[in-house]
Amino acid sequence: MRKLSAKNAIREAIQQCMESDPSVFVYGEGVDDAHGIFGTSLDLAKVFGNERVFDMPMSENAMTGVGVGAAVMGMHPIMVHQRIDFTLLALDQIANHAAKIRYMWGGHLNVPFVIRAIIGRGWGQGAQHSQSFYSIFTHFPGIKVILPSNPYDAKGLLIQAIRDGNPVVSVEHKLVLFLEGDVPEEMYAIPFGKGRVVREGTDVTIVAFSQMVSEAEKAAQELAGMGIDAEIIDPRTAYPLDEEIIAKSVKKTGKLVVADIDWVFTGMTAEIVAKIAENHFDALKAPVRRVGLPHAVHPSSYALEEVFYPTKTNIIKAVKDIINYKQ
Amino acid sequence: MQKREAAWNVKIEVPAKKIIEMYEMMLCIRLAEEKLVELHPEQMMKTPFHLYIGQEAIATGVCAALTKQDVVFSNHRSHGHYLAKGGDLNRFMAEMYCKIDGCSCGKGGSMHLIDTSVGHMGSSSIVSGSIPIAVGAALAFRMQNKKNVSVAFFGDGATDEGVLYESYNFAALKKLPVIFICENNFYAINSKITTRQAVDNLPGRAIAFGVPGEKIDGNDVLKVYQTTEKMVKRAKQGHGPGFIEAVSYRWKAHIGVTEDVGEGIRPEEELTEWKKKCPIKNYEKYLLNEGIMTKQKLMNMNEKIQHLVNKAVEFGRKSPLPDACELLEDVFI
């Protein structure tokens, strides 16, 4: 099959959706510039014109409201943020409006609105340009949250997001954007709430989000060398969450490690272990372990970055912590 | 079309039918809300009222200049906007009772009214919240090649918020068909505008962003209509947004049914003075002086509307409450 990077898979998803549906449009700071948001919107303005692919003023909150307003009137806007950090300027429109409009206005309107937000570290960018706090969006009923970990999912999840009819936050890790993989040329949608078994195994379940899926794969390879057979689950969407696929795996392995690119405290890792403890307590044969960001601000110094961001090493350590647990 | 001299000496052209319809609408808003005040002691309408009494001319004049396909987005003080745009009176009352037949199916209450069938596209209770949404609707009209306008209603409180100025900028930049209506009643809850802002020049701020703006008497329904119509026409011709500061006064408290005055709230004399400028009473005088209406006709109209309001209350009372199974419905489609 054809190989494509995730950034090009995203670009292709947008282009195909715009070709098949005139109500789809894209806007955001730099969507039509020479870089095109890490290439994800490169040259789309040349294809579709500046009416449908346009740059925006530095007005994140109003411009999110503009997307909401266009969406309730039948358009399908895609708003893009070069850093997820900037979505906090628009939290009123995201959480108080996009998320609530359908419910508080009696189901009369819906908000088919995709907000793409790039996350992840890069060249010492520090506290306000490296964050990945996606779990806050899962807290608000009315918003769906997707996290592609590979090029195939990047295209299929985004197409579903555009068609979904609800507000969707697409959380795209910089390192994932540059991964290459098999991507079909035709349009396809990956249903939300359906996770993927990335690697089958019998000894421990590693649930991994976004870029941590790659780290989990590397960890599993090393663990295999130590005689530990890890199963990797990629939930693909944080809301809705495929609890079933996680539970099924934990019932098989009895051991659970959750690896995330977000902070651990009150993040998705907490939600997943809580769900398993609540609903599948008997399946657990060892304490759970969580891998994610420590409770500190994103540092700039590469010396600190090295200890701040989790990698395969943290996952391996977490697995080894619990693999021989005896009750 | 008839040329008439308005009570405030403004030369205008307003269709004769509209002159009477606007009276009827202002009266409808007033009587519907007076009914809410009357029923309040029953405590059966368990939703916070932000009453519009005193400001009826603004929503009425603005909406009279719009078609059904034009849309409005409004704020927490939304009763007048909803009714003036043609929102269903029965479903309005049912929403006050938070019943299933309410315009928001009991999930919105007084601050979240909507009737999409007439172009009232919803009310947000976050100050300034619906302003950029109205701009987005105007963008949709542009992209869909529709010759309609979108209207944002907001109070003077919203002119403290940054998102308003972000919205002006984008609307002007793209020449979008959106009309910004600021109802300046001088207070954000009990905080007077002079304690919140250094400069008294709301139209000037809009103009600075490229949005033509005017300050008008918001109690003069004909002036509101005329100014809105001018801006709507301009917007529909592709010349972009407009701004109106309509000055008026709310008679009741920020929230609730009392006329709260006194220390730490607002001076009693202020309310007394503004009551003399009642938009409905003064318009009545104008209609009688001009011979457009007789006292008998006004009385008949009053009775007719009172009857409709009473029927709407009955409709609301009889409607069932939402079933518990509704709780998780409509979070998503």
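These lines cover the structure that appears in this document, whether it is placed above or below.

A word on the overall build of chain A. Summing up its helical and strand segments, chain A has 13 helices and 14 strands in all. Whereas a compact globule of 327 residues would reach a radius of gyration of roughly 20 Å, chain A reaches 20 Å, a difference of no more than 12%. With the C-alpha coordinates aligned to their principal axes, the bounding extent of chain A is approximately 60 × 45 × 40 Å. For chain A, long-range pairs separated by at least 24 residues make up 83% of all intrachain contacts whose partners lie at least 6 apart in sequence. Surface summary for chain A: the accessible area is close to 12,500 Å², and the carbon and sulfur share equals 53%. A distance of 5 Å separates the average location of the 32 positive side-chain charges in chain A from that of its 38 negative side-chain charges.

Bringing unusual backbone geometry into the picture now. For the bond running from Tyr 239 of chain A to Pro 240 of chain A, omega is 0 degrees, close enough to zero to count as cis. Within the secondary structure, Pro 240 of chain A sits in the loop between strand E12 (237–239) and helix H10 (243–253). Located in the positive-phi region is Cys 98 of chain B, a residue other than glycine, with phi close to 55 degrees. When you line up the elements, Cys 98 of chain B lands in the loop between helix H4 (89–96) and strand E4 (120–123). Of note, Ile 189 of chain B is a non-glycine position whose phi angle comes to about 55 degrees, a positive value. Note that Ile 189 of chain B resides in the loop between strand E7 (187–188) and strand E8 (191–192).

A few words on the packing of aromatic side chains. Residue and element names in this part refer to chain B. One pass over the full model with this rule turns up 20 aromatic pairs over all chains. Ring geometry for Tyr 187 versus Tyr 249: centroids 6.4 Å apart, planes at 80 degrees, classification edge-to-face. Of the two residues, Tyr 187 is situated in strand E7 and Tyr 249 in the loop between strand E10 (242–247) and helix H10 (268–276); the sequence distance between them amounts to 62 residues. An aromatic cluster is built from Tyr 165, Tyr 168, Phe 180, Phe 209 and Phe 243, whose rings are joined through pairwise contacts. Arg 30 extends its terminal NZ or CZ atom over the ring of Trp 251, reaching a point 4.6 Å from the ring centre.

Attention now moves to the sheet that holds strand E5 (residues 150–155) of chain B. Residues and elements named next belong to chain B. Taken in spatial order, the six strands make up an open sheet running E4-E3-E5-E6-E10-E9, and their pairing is parallel. Sheet topology places E4 and strand E9 (213–217) at the edges, where each strand pairs with a single neighbour. With strand direction ignored, the average angle separating the axes of adjacent strands in the sheet is 20 degrees. Both strand E6 (residues 178–184) and E10 contribute to a ladder of six bridges, which runs parallel. Among the inter-strand pairings, Asn 184 is bridged to a residue of E10, identified as Val 247.

For the structure shown, the criterion picks out two cavities of 30 Å³ or more. Each pocket or cavity is described by its volume, and for the largest cavity that value is around 50 Å³. The wall of the largest cavity is formed by Ala 98, Ala 99, Arg 102, Asn 110, Val 111, Gly 142, Gly 165, Asn 166 and Pro 167 of chain A together with Val 331 of chain B. Residue classes in the lining of the largest cavity are distributed as five nonpolar, four polar and one charged. When its volume is computed, the second largest cavity comes out at roughly 40 Å³. Residues belonging to the lining of the second largest cavity are distributed by class as follows: three nonpolar, two polar and two charged.

This part is about the pattern of salt bridges. Residues and elements named next belong to chain A. Applying the stated criterion across every chain yields a total of 35 salt bridges over all chains. Between Lys 144 and Asp 164 there is a salt bridge, with the nearest N and O atoms lying 3.1 Å from each other. Residue Lys 144 is located in strand E6 (residues 144–146), and its partner Asp 164 is located in helix H7 (residues 151–164); the two are separated by 20 residues in the primary sequence. Asp 164 carries the same exposure label as Lys 144, and that label is buried. Linking Asp 321 and Arg 289 is a salt bridge whose minimum nitrogen-to-oxygen distance equals 3.2 Å. Within this pair, whereas Asp 321 is found in helix H13 (residues 312–323), its partner Arg 289 is found in strand E14 (residues 289–293), the two being separated by 32 residues in sequence.

Turning our eyes to something else, we now look at the interface of chain B and chain A. Each side of the interface is counted separately: chain B has 43 residues, and chain A has 41 residues. When chain B packs against chain A, close to 3,300 Å² is buried across both sides, 70% of that on carbon and sulfur atoms. Contact with chain A buries surface across chain B, with Met 143, Phe 332 and Ile 333 of chain B losing the most and accounting together for 21% of the total. Counting across the chain B and chain A interface gives 12 residue pairs in polar contact (both at pLDDT 80 or more). Residue assignment for the side of chain B that touches chain A shows that the elements contributing at least two residues are strand E3 (71–74), E4, helix H5 (131–143) and helix H6 (162–173) of chain B. Here the residues of the side of chain B that touches chain A are counted per class, giving 22 nonpolar, 13 polar and eight charged.

Moving on to the sheet that holds strand E10 (residues 204–208) of chain A. All names here are of chain A. With mixed pairing, the five strands of this open sheet are ordered in space as E9-E11-E10-E13-E14. If you trace the sheet from one side to the other, it starts and ends with strand E9 (196–199) and E14, each paired once. Looking at each pair of strands side by side, their axes are set apart by 25 degrees on average, direction ignored. Strand direction decides the pairing type here: E10 and strand E13 (residues 256–263), joined by four bridges, are parallel. Residue pairing across strands places Thr 205 opposite Leu 256, the latter belonging to E13. Across the sheet, H13 is in contact with E10, E13 and E14; its angle to E14 comes to roughly 160 degrees.

Moving on: the packing of helix H1 (residues 16–39) of chain B against helix H11 (residues 279–289) of chain B. Residue and element names in this part refer to chain B. Across the interface, H1 lies against H11 with an axial gap of 10 Å and an inter-helix angle of 150 degrees. Here H11 runs roughly antiparallel to H1, going by the angle between their axes. Here the hand of the crossing between H1 and H11 comes out left-handed. Contacts between H1 and H11 involve Ile 19, Met 22, Tyr 23, Met 26, Leu 27 and Arg 30 from the former and Pro 279, Ile 280, Tyr 283, Glu 284, Tyr 286 and Leu 287 from the latter. Residues that form the contact of H1 with H11 fall into these classes: 10 nonpolar, no polar and two charged.

Conventions used here
- Residues numbered from 1 in each chain as written.
- Chains lettered and ligands numbered in written order.
- Predicted model: local features only at pLDDT ≥ 70, side-chain atom pairs only at ≥ 80, totals over all residues.
- Heavy atoms only, no water.
- Helix = DSSP H or I, 4+ residues; strand = E, 2+ residues; numbered from the N terminus.
- Rg over C-alpha atoms; globule rule 2.2 N^0.38 Å.
- Contact = heavy atoms within 4.5 Å.
- Areas by Shrake-Rupley, 256 points an atom, 1.4 Å probe, with all protein chains shown as cover.
- Lys, Arg positive; Asp, Glu negative; His and termini not counted.
- Charge placed at Lys NZ, Arg CZ, Asp CG, Glu CD.
- Phe/Tyr/Trp six-rings, centres within 6.5 Å; stacked < 30°, edge-to-face > 60°.
- Lys NZ or Arg CZ within 6 Å of the ring centre and 35° of its normal.
- Pairing = 2+ DSSP bridges.
- Axes fitted to C-alpha atoms, helices over the stretch in contact; angles between N-to-C directions.
- 1 Å grid on protein atoms, 1.4 Å probe; cavity = no way out; pocket = protein on both sides within 12 Å on 5 of 7 lines; lining within 4 Å.
- Points joined across faces, edges and corners; volume = space filled by probe spheres on them.
- Nonpolar A, V, L, I, M, F, W, Y, C, P; charged D, E, K, R; others polar.
- Salt bridge = Lys/Arg side-chain N within 4 Å of Asp/Glu carboxyl O.
- Buried < 20%, exposed > 50% of the residue type's maximum accessible area, 1.4 Å probe, protein only.
- Buried area = accessible area lost by both parts, 1.4 Å probe.
- Polar contact = N/O pair within 3.5 Å; in protein donor to acceptor, adjacent residues only side chain to side chain.
- Parallel < 35°, antiparallel > 145°, perpendicular 65-115°, else oblique.
- Left-handed = near helix turned anticlockwise from the far one by under 90°.

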